[in-house]
Amino acid sequence: MANPGQFTVSRSIDAPIERIFAMLADPDTHPRYDGSGSVRESETHVVLSDVGDVFTMRMHRDDLGDFRTDNVVSTFERDAAIGWAPAPAGESPIGHTFTYRLDARDKGRTLVTLVYDWSSVTDERVVPRLPMVSAEQLEQSLELLAQAL
């Protein structure tokens, strides 16, 4: 049974796992494969290297205008998985996460699974706006990731 507080999408990408992980670990590349259209640019310009790393992004949504997020790395397994928990800049994460899981396949292909999980969000100001991205936008993220590679 699917988790009602999460979307999971997968796609096989014609690129080696190490190359995909390197792109995901570099916040400067995130606008290139954002299927929601809300990620504008990185402010921190530091490649992620461990759980607890924080990177700041400039964002825009029509319903919220321009804003910044601090993203705390919540999963980091080199060449296997990477994920982060977004928060309004200067605040603690609100409980949702974006996690990419990578599974090497034959001939340099990689199965990429993207999970958006909002099941831990409890802030009553945020809950009515969830999910903040659709499954279709996540699928578009994987399509853009494949194109960027």
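These notes cover the structure that comes with them. (Residues numbered from 1 in each chain as written. Predicted model: local features only at pLDDT ≥ 70, side-chain atom pairs only at ≥ 80, totals over all residues. Heavy atoms only, no water.)

## Section: the overall build of the chain
The condition that has to hold: The helix count covers DSSP runs of H or I at least four residues long, the strand count covers runs of E at least two residues long, and both are numbered beginning at the N terminus. Radius of gyration: over C-alpha atoms. The globule rule applied is 2.2 Å multiplied by the number of residues raised to the 0.38 power. Throughout, exposure labels follow a simple rule: accessible area from a 1.4 Å probe, protein chains only, divided by the maximum for the residue type, with under 20% read as buried, over 50% as exposed, and the rest as partly exposed. Here, two residues are considered to be in contact whenever any of their heavy atoms come within 4.5 Å of each other. Only the protein chains shown count as cover for residues, and all accessible areas are computed by the Shrake-Rupley method using a 1.4 Å probe. Positive charges come from Lys and Arg alone, negative charges from Asp and Glu alone, with His and the N- and C-terminal ends not counted. Charged side chains are reduced to one point each, which is NZ for Lys, CZ for Arg, CG for Asp and CD for Glu.
Scanning the chain from N- to C-terminus turns up two helices and seven strands. Listing the helices and strands of the chain from first to last along the sequence gives β-α-β-β-β-β-β-β-α. For the chain, whose C-alpha radius of gyration is 15 Å, the value lies close to the compact-globule estimate of 15 Å for 149 residues. Judged by the C-alpha coordinates and their principal axes, the chain covers about 45 × 40 × 25 Å. Out of the 149 residues belonging to the chain, those deemed buried represent 44%. The contacts of the chain with a sequence gap of at least 6 include a subset with a gap of at least 24, amounting to 47%. With the model as given, the accessible surface of the chain reaches about 7,700 Å², and the carbon-plus-sulfur share is 48%. Mean positive and mean negative side-chain charge positions of the chain (14 and 24 charges, respectively) differ by 4 Å.

## Some remarks on the packing of aromatic side chains
Note the following rule: Planes of paired rings set the category: under 30 degrees apart is stacked, over 60 is edge-to-face and the rest tilted, where pairs are Phe, Tyr or Trp rings (Trp by its six-membered ring) whose centres lie within 6.5 Å.
The tally for this structure, following the rule as stated, stands at seven aromatic pairs. For the ring pair phenylalanine 55 and tryptophan 84, a centre distance of 5.5 Å and an interplane angle of 85° mean the geometry is edge-to-face. Of this pair, phenylalanine 55 sits in strand β3 (residues 54–61) while tryptophan 84 sits in strand β5 (residues 81–88); the two residues are 29 residues apart in sequence, bridging distant segments of the chain. Taken together through their ring pairs, the aromatic side chains of Phe7, Phe98, Tyr116 and Trp118 make up a single cluster.

## Structural notes on the sheet that holds β3
Think of a sheet as strands paired side by side through backbone hydrogen bonds, with each pair either parallel or antiparallel. Our working definition: Should DSSP find at least two bridges between two strands, the strands are taken to pair. Angles here are taken between N-to-C directions and fall from 0 to 180 degrees, while the axes themselves are lines fitted to C-alpha atoms, restricted in helices to the stretch in contact.
The strand order across the open sheet formed by seven strands is β1-β7-β6-β5-β4-β3-β2, and the pairing between neighbours is antiparallel. The open sheet terminates on both sides in strands that have one partner only, identified here as β1 (6–13) and β2 (39–42). The sheet shows a mean angle of 25° between the axes of neighbouring strands, taken without regard to direction. Where β3 lies against strand β4 (residues 65–77), eight bridges are found, and the strand directions are antiparallel. Looking at β4, one finds that threonine 56 is bridged to aspartate 70. Across the sheet, helix α2 (residues 135–148) touches β1, β6 (97–104) and β7 (110–117), and the angle it forms with β1 is around 25°.

## What about helix α1 (residues 17–24)?
In plain terms, the rule: It is the directions from the helix axis to the C-beta atoms whose arc is reported.
Three or more residues of α1 are buried, namely Ile17, Ile20, Phe21, Met23 and Leu24. Taken down its axis, α1 places every buried residue within 160° of arc, on the same side.

## Some thoughts on the pattern of salt bridges
What counts, and what does not: Each salt bridge in this description consists of a side-chain nitrogen of Lys or Arg and a carboxyl oxygen of Asp or Glu lying within 4 Å of one another.
Tallied over the entire structure, the rule returns eight salt bridges. The salt bridge partner of glutamate 43 is arginine 58, with a shortest N-O separation of 2.8 Å. Of this pair, glutamate 43 sits in the loop between β2 and β3 while arginine 58 sits in strand β3, and the two are 15 residues apart along the sequence. For glutamate 43, the salt bridge identified is with arginine 68, shortest N-O distance 3.0 Å. Within this pair, whereas glutamate 43 is found in the loop between β2 and β3, its partner arginine 68 is found in strand β4, the two being separated by 25 residues in sequence. Using a relative accessible area of 26% as the deciding quantity, one classes glutamate 43 as partly exposed.

## A word on the nonpolar core
Filter applied, for reference: Nonpolar core, defined: a set of buried Ala, Val, Leu, Ile, Met, Phe, Trp, Tyr and Cys residues in which side-chain atoms within 4.5 Å join the residues together.
Ile20, Leu24, Ile82, Tyr100, Val112, Tyr116 and Leu145 are the most contacted members of the largest nonpolar core, which totals 36 residues. A per-element tally of this core places α1 first, with five residues. The residues contacting isoleucine 82, other than those within four sequence positions of it, are Phe21, Leu24, Ala25, Leu48, Thr75, Phe76, Phe98, Thr99 and Tyr100.

## Examining the environment of glycine 37
Within the fold, glycine 37 resides in the loop between α1 and β2. Once the C-alpha coordinates of glycine 37 and serine 141 are considered, the two residues, 104 residues apart in sequence, prove to be 9.4 Å apart.

## Some details on the environment of glycine 65
Within the secondary structure, glycine 65 is located in strand β4. With residues near it in sequence (within four places) discarded, glycine 65 still touches Met59 and His60.

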